[in-house]
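Residue-level listing of the chains:
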There are 2 protein chains.
Amino acid sequence: MAKNDLLGVFEQLVLLALVQLDDQGYGVSVCRAVEERTGRKVTLGAVYATLDRLERKGYVRSRVGEPTAERGGRAKRLFRVEAAGLKSLRHSLETVERMRAGMALGRLRPEGA
Amino acid sequence: MAKNDLLGVFEQLVLLALVQLDDQGYGVSVCRAVEERTGRKVTLGAVYATLDRLERKGYVRSRVGEPTAERGGRAKRLFRVEAAGLKSLRHSLETVERMRAGMALGRLRPEGA
DNA sequence: TCCCTATGCCCTACAATGTAGAACATATTA
DNA sequence: TAATATGTTCTACATTGTAGGGCATAGGGA
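First, a word on scope: everything that follows refers to the structure included in this document. (Residues numbered from 1 in each chain as written. Chains lettered and ligands numbered in written order. Predicted model: local features only at pLDDT ≥ 70, side-chain atom pairs only at ≥ 80, totals over all residues. Heavy atoms only, no water.)

## As for the overall build of chain A
Here is the rule we go by: In DSSP terms, a helix is any run of H or I states spanning at least four residues, a strand is any run of E spanning at least two, and both are numbered starting from the N terminus. Note on classification: 1.4 Å probe, protein chains only; a residue is buried when its accessible area is under 20% of the maximum for its type, exposed when over 50%, partly exposed between these limits. Any two residues having at least one pair of non-hydrogen atoms within 4.5 Å are treated as being in contact. Every accessible area reported is derived by Shrake-Rupley at a probe size of 1.4 Å, with residue values counting cover from the shown protein chains alone.
Of the regular secondary structure elements, chain A holds four helices and three strands. Counting helices and strands in the order they occur from the N terminus, chain A gives α-β-α-α-β-β-α. When burial is assessed residue by residue, chain A has 43% of its 113 residues classed as buried. If you take every contact in chain A between residues at least 6 apart in sequence, the share linking residues at least 24 apart comes to 52%. Carbon and sulfur atoms provide 51% of the accessible area of chain A, an area that totals close to 6,300 Å².

## Quick notes on the sheet that holds strand β2 (residues 60–64) of chain B
All names here are of chain B. We count it as follows: Note: two strands are recorded as paired if DSSP finds a minimum of 2 bridges between them. Axis lines are fitted through C-alpha atoms, for helices just across the contact stretch, and the angle between N-to-C directions can take any value from 0 to 180 degrees.
One open sheet accounts for three strands, arranged β1-β3-β2; its pairing is antiparallel. Two strands bound the open sheet, and with one partner strand each, they are β1 (25–26) and β2. Bridge analysis of β1 against strand β3 (residues 77–81) gives two bridges, and the strand direction is antiparallel. Within β3, the residue paired with G25 across the bridge is F79. Contacts between helix α3 (residues 44–56) and the sheet are confined to β2 and β3, with β2 contributing the most and set at about 115 degrees to the helix.

## Some points on the protein's contact with DNA strand C
Under the convention used in this document: Consider each residue's heavy atoms; a residue with any of them within 4 Å of a molecule or strand counts as near. The term polar contact refers here to a pair of N or O atoms within 3.5 Å; inside protein, the definition further demands a hydrogen-donor-capable atom paired with an acceptor-capable atom, and it admits residues adjacent in sequence only when both atoms are side-chain atoms. Amino acids outside the nonpolar list (Ala, Val, Leu, Ile, Met, Phe, Trp, Tyr, Cys, Pro) and the charged list (Asp, Glu, Lys, Arg) are all regarded as polar, and Gly is one of them.
Around DNA strand C sit 28 residues in total, of which Y48(A), R74(A), R77(A), K57(B) and R71(B) are the nearest. Between DNA strand C and R74(B) there is a distance of 3.4 Å, counted from a sugar or linking oxygen to a side-chain nitrogen or oxygen. Sorting the residues of the surface near DNA strand C by element identifies α2 (27–38) and α3 (44–56) of chain A together with α1 (9–20) and α3 of chain B as the ones contributing at least two each. Residue classes in the surface near DNA strand C are distributed as nine nonpolar, nine polar and ten charged.

## Focus on empty space enclosed by the protein
Here is the rule: Cavities and pockets were defined on a 1 Å grid built from protein atoms only: a cavity is a group of points that admits a 1.4 Å probe but offers it no way out, a pocket is an open group of points flanked by protein on both sides within 12 Å along at least five of seven lines, and a lining residue is one with an atom within 4 Å of any such point. Grid points are joined across faces, edges and corners, and a volume is the space filled by probe spheres set on the points.
A complete count under the given rule lists two cavities of 30 Å³ or more for this structure. Considering only enclosed or pocket space, the largest cavity measures out at about 130 Å³ in volume. Elements with a contribution of two residues or more to the lining of the largest cavity: α1 (9–20) and α4 (83–100) of chain A together with α4 (83–100) of chain B. Within the lining of the largest cavity, the residues separate by chemical class into five nonpolar, four polar and four charged.

## Focus: the pairing of β3(B)
Along any regular strand, the residues point their side chains to alternate faces of the sheet. For β2(B) and β3(B), the ladder comprises five bridges, and the chain directions are antiparallel. In the strand pairing of β3(B), V64(B) is matched with R77(B).

These figures capture arrangement, not role.
Next comes the structure, spelled out in structure tokens:
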């Protein structure tokens, strides 16, 4: 735990996905959500590793859900975001925002050079 | 160079600082800019390491400026953001933005729980 | 019953980023 | 030429990011 703990970009994406999945997210669904929204290729390994780290920090909490009878398969491990996680996410988002504020955004838009 | 290169948070902060400093930024001024805007404690070592990495990736370019006669001291190494850097910055910022879009921001604002 | 397939999870290993702090360099002033 | 102000460079290590393979469990059909 660093002194100035800021979340990494991927941690932010995962947390945001969980919020959108309304605390019913699990590995695979988080992976899909991030891929769809951002257009990036995301591997499951990356998602689980991040989820574990977030849980170790107390930012999310997981529980094993009953297996839904969709087609079969293993039970899901559902994740929910804790208050501390939300707080940290907000803080991280706002830090970049603050840095961006008052900036000549012209240069940051479309094809400015 | 990862396949899906997204900039890290600190890289974004440094790049944003350079934009604000209008391509006249150098180690110390970037450090100060980030500290002032974000309120975080930032060390010079972190800034230079990041600046070097960004340069290696072709996102910024540096040149040694003539020493201004303020009080003495070493010549500054001035950095400017390259087009590729701007593009990458934009892309990174937008990725998080997209993930955030359409979200029930209520939970992300003030003290929502 | 036994496989095959669909879901989903866990683990290992390594690359890239983030962070700290000390050492080094250079110009000014006295 | 020593003291000081400004800036940069180097070393080392912690945290995050990413890839990929293997394990586990349930349904469906031969």
